[in-house]
Number of protein chains: 2
Amino acid sequence: MKNVLILGSTGSIGINALKVIEHLSDSFRVIGLTAYNNYRLLESQTRKFRPKYIATHEKNLGYLKKALSGIKVKTMDVERDLGLMASLPEVDIVVIAMPGSAALIPFLSAVRSGKIVAPANKEAIVIAGGLIMSEAGRNGAKIIPVDSEQSAIFQCLEGRNKTDLRKVHLTASGGALLNTSRKSFDKLTVKDILAHPRWKMGKKITVDSASLMNKGFEVIEAKWLFDLSVEDINVVIHPEAIVHSMIELTDGSIIAQMAVTDMRLPIQYALTYPKRLPTGLRPLDLAQWGKLSFLRPDFNKFPALSLAIDVAKKGGALPCVLNAANEVAVEAFLNGEIKFTKIVEVVEKIVLRHKPCKSVKLNDINLADQWAREETKKLIG
Amino acid sequence: MKNVLILGSTGSIGINALKVIEHLSDSFRVIGLTAYNNYRLLESQTRKFRPKYIATHEKNLGYLKKALSGIKVKTMDVERDLGLMASLPEVDIVVIAMPGSAALIPFLSAVRSGKIVAPANKEAIVIAGGLIMSEAGRNGAKIIPVDSEQSAIFQCLEGRNKTDLRKVHLTASGGALLNTSRKSFDKLTVKDILAHPRWKMGKKITVDSASLMNKGFEVIEAKWLFDLSVEDINVVIHPEAIVHSMIELTDGSIIAQMAVTDMRLPIQYALTYPKRLPTGLRPLDLAQWGKLSFLRPDFNKFPALSLAIDVAKKGGALPCVLNAANEVAVEAFLNGEIKFTKIVEVVEKIVLRHKPCKSVKLNDINLADQWAREETKKLIG
């Protein structure tokens, strides 16, 4: 029986992770759940899964303590206690399902405590991948990505010699704007952008999918997770999102991982690794799909992708600046303050303004993050 | 340095195997070459690769001995000596590139001698897969298939737990008749049938590709090579022949192997396994392909496929009967004696006439083979 802590249990990944644990209740048990805002759902999840620990925003703690007074559960502060939670000796696996850079603290805490870490969050790795990977190596933590693309690469590499790897082909559905002409980008509403064709996800990541910034983040993420040169990561648009990614081996052979678009599969694999267990999902039927398509990304139409790849190559604290500026700009877009096309323009300006720093310790990352957020707000304001 | 024996060096697989060895001449050396008919090419291959042994048909031996009198090479009889050649202590790897059931003797000899065996031939495994696999197991021989589909399955399984395997998806280009209506099958000429859209191969196998009998043989082959139930082997038509086959794991995840359609890749992999080395082949560019298509096989249009699957399920000596009857019928078709549609009709009749036998020792196989050939000839005549 393994104890699973789910950071961000009320988002789509968190909810799916709970479905997986319910499905595999003989082998996994919920030890902790956290939710920033959605304390009502956290309450019902707590009633159902009986975790030992929960955490939410300070303002919801009073309500939750009262509501759950009949249940034995320790309530914690989501802004202060996630690092502690992730390091608790009872925790075997930490599923990082919460979005944003706030995941960095518990992520680092989990790898320092040698846990199995299943990240769906990409910001933490984008901004501090080097730090996370070196701490994981030092402390014997195992990182098994949940993100469908990174999980696919991980699955393709399974049992293979790392030296046989020549390239990674990261697939991208293409987001909501794949078939929208660049000319009409200026007229795009928040609603247009949030209509992702394949995956149901949070708002922030759906916007990043539309701009392909999300794919750029994944390039940075793959670089760290699989110790790759950015030059060896190729992005290919694949609208059906059936091939979740591919690796190319020294001899030219390509190994691809395919599956139905259901996050329960990579989540379950991260939990059961290195074993595989039945998921109960309908199998993928390629003949029913008929055709799978592949095309090159249009870097002119989606400048965020080339910006992110460029940032990935430069490294240092620049990915952190990219992420912070993008977070602020996307929020401004979602609030109707700026147009969709303005997001990448703003982010690029901030990236260009940043003075490169060689050291990327946690403190440098925090400083760069803070600087980028302030600068972006100023620029938008 | 590993010594490679190529049985059937003048056919398309044999020629490609020599290209691979030329490319990897630091690690591999030709120890033996054989050719049934094409003694002229065998002569020039011998001059170039300087094998220690060659074999050809008795009638060509006189010419070859004379022509190669200045070269130190031992000449052997291709009909009598292949078993001996495959068991020579100097031989490390046996590439079985010769077509037909004649490959069975050297195949058995190679596995009994604990060699690495790289079969491109499918008849031997179709007719005596059980025998070959049990002898390979007993004598520590390693079979690394060269056939692109079986190689793909082998590559997908690499490093994985066999217990995680749920299903195999065997891809089929669909052969020359994929887009030809069933109605016009009766008018098909030998030339129509030999126009395979993807692979340049021998005549016999191109006819079998058109009828999908070849895919049926591969179902039988996969059953033996990977110890599968026939029910767990699914055939999917994939005209582009880029995905060479797939495995489906317990959790529903599908792992596929893709590559350009060049036999040098699976041949090289069989030689270098478990290592991978650069091939010098152009990499696969999925975005250039644009679309990959998948469809269900039409069992009514291609009755040979359902016949072969049925035979695979029944087992015993029946696959041997299927193969022998098909060999005779295809030859009759190539000689203009019967129509294309008659091939499967004839084969099915012979299969139905065969009295099942429980034992499948070499003797039973030989008897079944002989019986089926005679019966088929009678039926056609």
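If you're wondering where the values come from, they're calculated on a predicted model, not measured in any experiment.

Here we look at the packing of helix α1 (residues 12-23) of chain A against helix α2 (residues 39-49) of chain A
Residue and element names in this part refer to chain A.
Consideration 1: Where α1 contacts α2, the two axes come as close as 13 Å, and the packing angle between them is 10 degrees. By the angle between their axes, α1 is roughly parallel relative to α2. In this structure, α1 uses Ile15, Leu18 and Glu22 to contact α2, whose residues at the interface are Leu41, Gln45, Lys48 and Phe49.

Observations concerning the sheet that holds strand β5 (residues 93-96) of chain B
Residue and element names in this part refer to chain B.
Consideration 1: Pairing is parallel across the open sheet formed by seven strands, whose spatial order is β4-β3-β2-β1-β5-β6-β7. Across the chains shown, the open sheet's two edge strands, defined by having one partner strand only, are β4 (74-77) and β7 (142-143).
Consideration 2: Across four bridges, strand β2 (residues 28-35) lies against strand β3 (residues 53-56) in parallel orientation. By the bridge assignment for β3, Thr34 is matched with Ala55.

A closer look at the domain arrangement of chain A
All names here are of chain A.
Consideration 1: Once the domains are mapped, chain A shows domain 1 (2-143) and domain 2 (156-263 + 293-380).
Consideration 2: For domain 1 versus domain 2, the separation of C-alpha centres amounts to 25 Å.
Consideration 3: Contacts between the two partners involve 19 residues from domain 1, matched on the other side by 20 residues from domain 2.
Consideration 4: The contact between domain 1 and domain 2 buries some 1600 Å² in all, and 67% of this surface belongs to carbon and sulfur atoms.
Consideration 5: Between Glu218 and Lys122 there is a salt bridge; the shortest N-O distance is 2.9 Å.
Consideration 6: Summed over the shared surface of domain 1 and domain 2, the result is three residue pairs in polar contact (both at pLDDT 80 or more).
Consideration 7: Residue assignment for the side of domain 1 that touches domain 2 shows that the elements contributing at least two residues are α1, α5 (104-112) and α6 (123-139).

Concerning the interface of chain A and chain B
Interface size is often expressed as the accessible area that is lost when the parts come together.
Consideration 1: The interface of chain A with chain B comprises 42 residues on the first partner and 42 residues on the second.
Consideration 2: Carbon and sulfur atoms make up 52% of the area that chain A and chain B hide from each other, which totals about 3400 Å².
Consideration 3: Looking at the side of chain A facing chain B, the largest losses of area belong to Asp251, Arg276 and Phe294 of chain A, adding up to 20% of the total buried there.
Consideration 4: One can count six salt bridges joining chain A with chain B.
Consideration 5: For Glu158 of chain A, the salt bridge identified is with Arg160 of chain B, shortest N-O distance 3.1 Å.
Consideration 6: Where chain A packs against chain B, one counts 20 residue pairs in polar contact (both at pLDDT 80 or more).
Consideration 7: Of all the secondary structure elements, the ones that give two or more residues to the side of chain A that touches chain B are α7 (148-157), β10 (243-249), β11 (254-258), α11 (264-272), α12 (286-289) and β12 (291-293) of chain A.
Consideration 8: A total of five residues in the side of chain A that touches chain B trace back to one element, the largest contributor, which is β11 of chain A.

Considerations on the pairing of β11 of chain A
Consideration 1: Burial runs high along β11 of chain A: five of the five residues are buried.
Consideration 2: Residues Ile254, Ala256 and Met258 of chain A of β11 of chain A are buried on one face, and the alternating residues Ile255 and Gln257 of chain A, pointing to the opposite face, are buried as well.
Consideration 3: In the sheet, β10 of chain A pairs with β11 of chain A via five bridges, with the strands oriented antiparallel. Each bridged residue has a counterpart across the sheet, and for Glu248 of chain A the counterpart in β11 of chain A is Ile254 of chain A.
Consideration 4: Hairpin connection from β10 of chain A to β11 of chain A: four residues lie between these consecutive antiparallel strands, with Gly252 of chain A at a positive phi of about 100 degrees.
Consideration 5: Sheet topology places β11 of chain A next to strand β11 (residues 254-258) of chain B; five bridges connect them, and they run antiparallel. Residue pairing for β11 of chain B: Ile255 of chain A is matched across the bridge by Gln257 of chain B.

What to know about the pattern of salt bridges
Consideration 1: Inspection of every chain in the model, using the stated rule, returns 48 salt bridges over all chains.
Consideration 2: Residue Arg166 of chain B is joined to Glu248 of chain B by a salt bridge in which the shortest nitrogen-to-oxygen separation is 2.7 Å. Linking Arg166 of chain B in strand β8 (residues 165-172) with Glu248 of chain B in strand β10 (residues 243-249), this pair joins segments that are 82 residues apart in sequence.
Consideration 3: By sharing partners, the salt bridges in this structure join Lys122, Asp147, Glu149, Lys215 and Glu218 of chain A into a single network.

So, the environment of Gly8 of chain A
Residues and elements named next belong to chain A.
Consideration 1: With respect to the helices, strands and loops of the structure, Gly8 is situated in the loop between β1 (2-7) and α1.
Consideration 2: Judged by relative accessible area, Gly8 falls into the buried class, the value being 11%.
Consideration 3: Put simply, Gly8 and Pro99 are 91 residues apart on the chain and 7.7 Å apart in space, counted from C-alpha to C-alpha.
Consideration 4: Once you skip the residues sitting within four places of it in the chain, Gly8 turns out to touch Gly14, Thr34, Ala97 and Met98.

Calculation rules
Numbering of residues starts from 1 in every chain and runs along the sequence as written. The lettering of chains begins at A and the numbering of ligands begins at 1, in the order of writing. For a predicted model such as this one, the threshold for reporting local features is a pLDDT of at least 70, and the threshold for listing and counting side-chain atom pairs is 80 or more; totals across whole chains, interfaces and linings nevertheless cover every residue. The basis for every side-chain value is the complete set of non-hydrogen atoms in the structure, without hydrogens or water. All axes here are fitted lines through C-alpha atoms, helices being fitted over the stretch that makes contact, and every angle between N-to-C directions spans 0 to 180 degrees. Comment: elements are numbered from the N terminus, with helices defined as DSSP H or I runs of at least four residues and strands as E runs of at least two. By the definition adopted for this analysis, an angle is roughly parallel if under 35 degrees, roughly antiparallel if over 145, roughly perpendicular if from 65 to 115, and oblique otherwise. We call two residues contacting when some pair of their heavy atoms lies within 4.5 Å. Two strands qualify as a pair provided that DSSP identifies no fewer than 2 bridges between them. As used throughout, domain bounds are those supplied by an automatic or database domain assignment. When two components associate, each loses some accessible surface as probed by a 1.4 Å sphere; the sum of these losses over both components is called the buried area. Any carboxyl oxygen of Asp or Glu that lies within 4 Å of a side-chain nitrogen of Lys or Arg is treated as forming a salt bridge with it. For the purposes of these results, a polar contact is taken to be a pair of N or O atoms within 3.5 Å, where, inside protein, one atom must be able to donate a hydrogen and its partner to accept one; residues adjacent in sequence count only when each atom of the pair is a side-chain atom. Three labels apply to residues, based on accessible area from a 1.4 Å probe with only protein chains included: buried if under 20% of the type maximum, exposed if over 50%, partly exposed otherwise in between.

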